[in-house]
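Architecture at a glance
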Amino acid sequence: FCLFLCSFFFLMIRRPPRSTLFPYTTLFRSGLRPASPEGIPYIGAHPDMAGLYVNTGHFRNGVVLGLASVRLLADILLGREPILASQAYEISLHH
């Protein structure tokens, strides 16, 4: 089970000599996004660490799924009826 715990990892790459398109740019940055192997984000309590809740593994869909994921996690944390079935997003199913 391998999961990146950081949301963003910036990798700096030097580019070849100046281009005519971007003559003043010397560095490029890339935000790598964590993804689960199945493509389904992990949302909910960690099975091995009490009190740790995760909301990660969205890959490119973090902006699109962000509001619904946060709402689902808030419902879990506050003990409310979740807006959708949370079992499909549990780490224990994919761990």
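Cut-offs applied
Residues numbered from 1 in each chain as written. Predicted model: local features only at pLDDT ≥ 70, side-chain atom pairs only at ≥ 80, totals over all residues. Heavy atoms only, no water. Helix = DSSP H or I, 4+ residues; strand = E, 2+ residues; numbered from the N terminus. Contact = heavy atoms within 4.5 Å. Polar contact = N/O pair within 3.5 Å; in protein donor to acceptor, adjacent residues only side chain to side chain. Salt bridge = Lys/Arg side-chain N within 4 Å of Asp/Glu carboxyl O. Buried < 20%, exposed > 50% of the residue type's maximum accessible area, 1.4 Å probe, protein only. pLDDT = per-residue confidence, 0-100.

Overview of the environment of Pro47
- Positionally, Pro47 belongs in the loop between β3 (42–45) and β4 (53–56).
- Sequence separation between Pro47 and Glu90 is 43 residues; the distance between their C-alpha atoms is 8.6 Å.
- If sequence neighbours within four positions are ignored, Pro47 has contacts with Ile91 and Ser92.

Comments concerning the side chain of His46
- Within the secondary structure, His46 is located in the loop between β3 and β4.
- In terms of polar contacts, His46 uses its side chain to reach the backbone amide nitrogen of Met49, at 3.3 Å.
- Among all residues touching His46, those that are not within four sequence positions of it are Leu52 and Ile91.

Some details on the pattern of salt bridges
- Applying the stated rule across the entire model yields two salt bridges.
- One salt bridge connects Arg71 with Asp75, and the closest N-O pair in it is separated by 3.2 Å. Placement of both Arg71 and Asp75 in helix α1 (residues 62–78) is noted, with a separation of four residues, approximately one turn of the helix.
- Owing to a relative accessible area of 42%, Arg71 belongs among the partly exposed residues under this scheme.
- The salt bridge involving Asp75 is made with Arg80; its shortest N-O contact spans 2.7 Å.
- The class of Asp75 is buried, set by a relative accessible area of 0%.
- Arg80 sits in the partly exposed class, given a relative accessible area of 40%.

Details of the confidence of the model for the protein chain
- For the protein chain, mean pLDDT is 76; residues scoring 70 or higher make up 64% of the total.
- Highest mean pLDDT in the protein chain belongs to β3 (94); lowest belongs to strand β1 (residues 9–14) (41).
- The low-confidence segment residues 1–15, where pLDDT is below 50, has 34 contacts with residues more than four positions distant or belonging to other chains.

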